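# Inside the fold
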Amino acid sequence: MNRLSISNLRVSIAEQEIIRGLSLAVPKGEVHAIMGPNGSGKSTLAKVLAGHPDYKVTMGEVLMDGEDILGLAPDERARKGLFLAFQYPSEIPGVTIANFLRAAVQARLPEGEELEATDYYARLYEKMDLLEMDRSFTSRSVNEGFSGGEKKRNEILQLAMLEPKYAVLDETDSGLDIDALKVVANGVNSMRGPNRGILVITHYQRLLDYIVPDHVHVMVQGRIVRSGGKELALELEEKGYEGYDEVKDEVSEPAMV
Amino acid sequence: MTNQTAVLDEVMELESPQEHCGPAILSGPSVAREAELPGWFHDQQRAAWAKFESFPFPNRKDQAWRFSSVEALDLSRYAQPARLTQFERDEILGRSVGLDAVAGRLIFADDQLVRRDPLSETLLKTGVLLMPLERALLEHEDLFRKHFMAQPAALGSAKFAALHEAFVNSGTFIYVPRGVEVELPIEIFHWLHGENAAVFPHTLLIADEFSKVTVIEHFRSAHPERSGFACGVNDLVAGNGAKINYICAQNWNEKALSIQINATTADRDASALSLNVHLGGAYSRFESLSRLTGEGARSDLLAVSVANGTQEFDARTLQDHVSPHTTSDLLYKNALTDRTRNTFGGLIRVEPHAHFTDAYQTVRNLLLSDDAEANSMPGLEILADNVKCSHGATSGQINEDEMFYLLARGIPLPIAKQLLIIGFLNEVVDRLQHPAITDLVRELIEDKFGPR
Ligand SMILES: Nc1ncnc2c1ncn2[C@@H]1O[C@H](COP(=O)(O)OP(=O)(O)O)[C@@H](O)[C@H]1O
Ligand SMILES: [Mg+2]
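Since the model is a prediction, treat every value here as computed from it, not as a measurement. (Residues numbered from 1 in each chain as written. Chains lettered and ligands numbered in written order. Predicted model: local features only at pLDDT ≥ 70, side-chain atom pairs only at ≥ 80, totals over all residues. Heavy atoms only, no water.)

With that settled, consider the overall build of chain B. If you tally the helices and strands in chain B, you get 11 helices and 22 strands. Taken over the C-alpha trace, chain B has a radius of gyration of 21 Å; the compact-globule value for 452 residues is 22 Å, and the two agree within 12%. Taking the principal axes of the C-alpha coordinates as reference, chain B spans close to 60 × 55 × 50 Å. Relative to its full complement of 452 residues, chain B shows a buried share of 58%. A separation of at least 24 residues holds for 84% of the contacts in chain B among residues at least 6 apart in sequence. A total accessible area of about 17700 Å² is found for chain B, and carbon and sulfur atoms account for 50% of it. Within chain B, the 61 negative side-chain charges are centred at a point lying 2 Å from the centre of the 41 positive side-chain charges. (Helix = DSSP H or I, 4+ residues; strand = E, 2+ residues; numbered from the N terminus. Rg over C-alpha atoms; globule rule 2.2 N^0.38 Å. Buried < 20%, exposed > 50% of the residue type's maximum accessible area, 1.4 Å probe, protein only. Contact = heavy atoms within 4.5 Å. Areas by Shrake-Rupley, 256 points an atom, 1.4 Å probe, with all protein chains shown as cover. Lys, Arg positive; Asp, Glu negative; His and termini not counted. Charge placed at Lys NZ, Arg CZ, Asp CG, Glu CD.)

Right, here's the structure in full:
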């Protein structure tokens, strides 16, 4: 029950199958990592979980604490406790971070309840301090003109403000220098806890030095081809994904059916 | 407040609409009213009425009225409004809430002055004038005659400018003397009140050399369902080195027919910025002539509109560069929902000798429904050398990725849409460097989407 569980998921876009029978479960209280080469379908998985309308789920199910979420609209999934930190966060011209987050927090309050502005700003500033973000950020348009690192910090700020049950972090380390990486990892680690499951997607092992996962999964060609403990990340760092080419050929066969 | 409104509504229902208004405007200005004005103005008004009668009715075949729903311009039902009762005046006064801090304020309802908050002693000592137009006509005849409707209505509405001139009997006169800066905005309210009332708002703003002033006008309807007609003209004059900001918050009800004709002139090194916010009206046409008459002059023409239901907004502009080294920058953004229409016809004209001109024109339409229609007709007429000009008009829908980003944060679709629309318009609103007015404009736009 207390898990985000994906079973036998198949997803295509434009007649091309990208996720090809993927199963994975992230229980609350754990941090799982998905590693895989570029193009293996990691971002597709993340966006499908969040309900992106471009992708078509042809088979399988996704249960969040036992509830099938694939039939829910993206905003409903989010309000039920799912969060996606985007690999490429969108720029929203003219909408300030303060107003944007306010709308998101407001959306989680019971019908008819008004957000208390003072409490909201107190909490927002507290999280910004944790992420070493200047307060002037609140009045800037969401992600507009942000550096890669600023965008990623902004994603983690939202994670911290929205306190989801399950968080999927898609390449949160890309575009970060080592200092920014530590700050962001620190932010994510502060969100770890028994009531939250976290799925970290990354191409490099580097992030996992700072966000140490409980489990590591290797994703190739739209499938999990291997799972293990945190040591698996180091092994991948050393040997790369080359050894998985054969596996790739093996698994691509049944997908043709 | 609430109780008062309720009582007022009851009173209104007891009386028939006829008792609430004077003669139809198409029967011409009434003699009784003209008697209050000086003879020379009386003559001018009579001549204007003759012009109105002789000028042809707008036709869609005419480029200036292309795409316009000219059938909306049937004026037969509109009449000169009746005098307001004290009770009605008080009620309107109570609802005239705008900026917290202003330099002075005039409130008109059905063209009748309801309230005048005069300028401070300090400002009065500097020689700043803020008074009803009809007083300026007598007390400052030279200034009045020099600037009142001095620019031609060149964008299609000469007939309606003539109608305005024939009927105008109140309005605002502002004069800022040389070197005087009026820090706080001057605020003007125009209310439509009676059923089928016709009003002719006029603001004559003269900023003398090196002076500075900001004026905001609110156009509102006292009653959400009553039809009404507003035919306004503004003369905005920036003398050498002067800086004027003009903001129009047009928020008539959705029954109103509105035609507004603005002419701005910017003399040497002057800068004029206008922000026009169009939210109300069944059909609302806005003509903006901006003349850059002195070297180094600059004009910023900003506008936003939000249309819903079957509203139609129709904007026609002319950036007229008369002198060299002048700059104009137009940015119009329109959000259209439902079955609304928006027309933009804009011309940049760089006259001979107006070399080294920079002129920009950008129009962006955000189409929020398949049935909304936007037509943009940008134009250039360049008769000088060394000119930097650009113009572009685009129409697009809400960006899917932006929408998904908001949804993925749990923001419900209608609120996400509203955030994106306001975000889209903010690029324009943010150009106004005046936090209090910016906040007020944003609130008006948000209110248009209804209570959250
Ligand atoms: N919107 C899309 N349209 C077409 N192909 C897509 C789209 N999104 C992803 N793909 C394809 O799906 C595959 C997986 O992409 P992606 O999920 O981004 O991989 P990863 O995040 O692992 O690098 C790639 O081959 C990519 O080209
Ligand atoms: Mg990716």
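Moving on, we get to the site of ligand 1. All names here are of chain A. Taken together, Ile13, Ile18, Pro37, Asn38, Gly39, Ser40, Gly41, Lys42, Ser43, Thr44 and Tyr55 are the residues near ligand 1. In the model, an oxygen atom of ligand 1 is placed 3.2 Å from a nitrogen or oxygen of the Ser40 main chain. The side chain of Thr44 places a nitrogen or oxygen atom 2.5 Å from an oxygen atom of ligand 1. Tallied by class, the residues present in the shell around ligand 1 amount to four nonpolar, six polar and one charged. (Near = heavy atom within 4 Å. Polar contact = N/O pair within 3.5 Å; in protein donor to acceptor, adjacent residues only side chain to side chain. Nonpolar A, V, L, I, M, F, W, Y, C, P; charged D, E, K, R; others polar.)

We now examine the coordination of the magnesium ion (ligand 2). Residues and elements named next belong to chain A. Coordination of the magnesium ion (ligand 2) by the protein involves Ser43 (OG) and Gln87 (OE1), with metal-donor separations of 2.1 Å. Placement of the pair is Ser43 in helix H1 (residues 42–50) and Gln87 in the loop between strand S6 (82–85) and strand S7 (92–96), with a sequence separation of 44 residues. You can call Gln87 buried: its relative accessible area is 15%. (Donors = N, O, S within 2.8 Å, 3.2 Å for Na, K, Ca; no water.)

Another point: the nonpolar core. One finds Leu157 of chain A together with Ile445 of chain B to be the most contacted residues of the largest nonpolar core, which totals 116 residues. No other element matches helix H10 (residues 413–429) of chain B, which puts nine residues into this core. Taken domain by domain, this core gets at least three of its residues from each of domain 1 (2–294) and domain 2 (399–452) of chain B. If sequence neighbours within four positions are ignored, Leu157 of chain A has contacts with Ile97, Leu101, Leu124, Lys127, Met128, Leu131 and Met133 of chain A. If you look at the next biggest cluster of nonpolar residues, it comprises 41 residues, including Phe41, Val70, Leu73 and Tyr283 of chain B. (Core = buried A, V, L, I, M, F, W, Y, C linked by side-chain atoms within 4.5 Å. Domains from an automatic or database assignment.)

Much of the literature gives interface size as the accessible area that the parts lose upon coming together. Listed per partner, the contact involves 31 residues of chain A and 19 residues of chain B. Approximately 1800 Å² of surface area, both sides summed, lies buried where chain A meets chain B, with 68% of it carried by carbon and sulfur atoms. Our count for the contact surface shared by chain A and chain B stands at one salt bridge. Arg409 of chain B serves as the salt-bridge partner of Glu155 of chain A, at 2.7 Å between the closest nitrogen and oxygen. (Buried area = accessible area lost by both parts, 1.4 Å probe. Salt bridge = Lys/Arg side-chain N within 4 Å of Asp/Glu carboxyl O.)

Before going further, it helps to spend a moment on the environment of Arg60 of chain B. Residues and elements named next belong to chain B. Looking at where Arg60 falls in the secondary structure, it is placed in the loop between helix H3 (39–54) and strand S2 (79–81). The contact partners of Arg60, leaving out residues within four places of it in the chain, are Trp65, Arg66, Phe67, Ser68, Ser69, Val70 and Arg341. Only 3.3 Å separates the side chain of Arg60 from the backbone oxygen of Ser68, close enough to count as a polar contact.

Moving on, we come to the packing of helix H3 (residues 97–106) of chain A against helix H4 (residues 117–130) of chain A. Helix packing for two helices is described by the angle between their axes and how far apart those axes are. All names here are of chain A. For the pair H3 and H4, the least separation of the axes is 11 Å and the interaxial angle reads 115°. The angle between H3 and H4 places the two elements in the roughly perpendicular class. Crossing of H3 over H4 shows right-handed handedness. Contact residues: Ile97, Ala98, Leu101, Arg102 and Val105 in H3; Ala117, Tyr120, Tyr121 and Leu124 in H4. Here the residues of the contact of H3 with H4 sort into eight nonpolar, no polar and one charged. (Axes fitted to C-alpha atoms, helices over the stretch in contact; angles between N-to-C directions. Parallel < 35°, antiparallel > 145°, perpendicular 65-115°, else oblique. Left-handed = near helix turned anticlockwise from the far one by under 90°.)

For the rest of this paragraph, the subject is the domain arrangement of chain B. Residues and elements named next belong to chain B. According to the domain assignment, chain B contains domain 1 (2–294) and domain 2 (399–452). Here the C-alpha centre of domain 2 lies 29 Å away from the C-alpha centre of domain 1. Listed per partner, the contact involves 14 residues of domain 1 and 11 residues of domain 2. Contact between domain 1 and domain 2 buries roughly 1100 Å² in total, counting both sides, with carbon and sulfur atoms accounting for 83%. Connecting domain 1 to domain 2 are one residue pair in polar contact (both at pLDDT 80 or more).

This part is about the environment of Val183 of chain A. All names here are of chain A. With respect to the helices and strands, the residue Val183 is situated in helix H6 (residues 178–190). For Val183, a relative accessible area of 9% gives the class buried. Distance from Val183 to Met133, taken between C-alpha atoms, is 9.9 Å for residues 50 residues apart in sequence. Contact partners of Val183, with chain neighbours within four places excluded, come to Leu130, Leu131, Glu132 and Arg153.

All names here are of chain B. Reading across from one edge, S4-S3-S7-S10-S12-S14-S16-S18-S20-S22 is the order of the 10 strands in this open sheet, with mixed pairing throughout. With partners counted over all chains shown, the strands left at the sheet margins are strand S4 (112–117) and strand S22 (388–396), one partner each. The mean angle between the axes of side-by-side strands here comes to 10°, regardless of whether they run parallel or antiparallel. Relative to strand S18 (residues 327–336), strand S16 (residues 298–307) is paired through 10 bridges, and the arrangement is parallel. The partner of Ser305 across the bridge, within S18, is Asn334. In the packing of helix H4 (residues 86–95) onto the sheet, the strands contacted are strand S3 (104–109), S4, strand S7 (186–192) and strand S10 (212–221), and the crossing angle to S4 comes to about 50°. (Pairing = 2+ DSSP bridges.)

Residue and element names in this part refer to chain A. The four strands are arranged S2-S1-S4-S5 in an open sheet whose pairing can be described as antiparallel. With partners counted over all chains shown, the strands left at the sheet margins are strand S2 (16–27) and strand S5 (67–68), one partner each. One ladder, built from two bridges, connects strand S4 (residues 56–64) with S5; its direction is antiparallel. Its bridge partner lying in S5, Met64 is registered against Glu67. Lying over the sheet, H1 contacts strand S1 (3–13), S2 and S4, oriented at roughly 110° with respect to S1.

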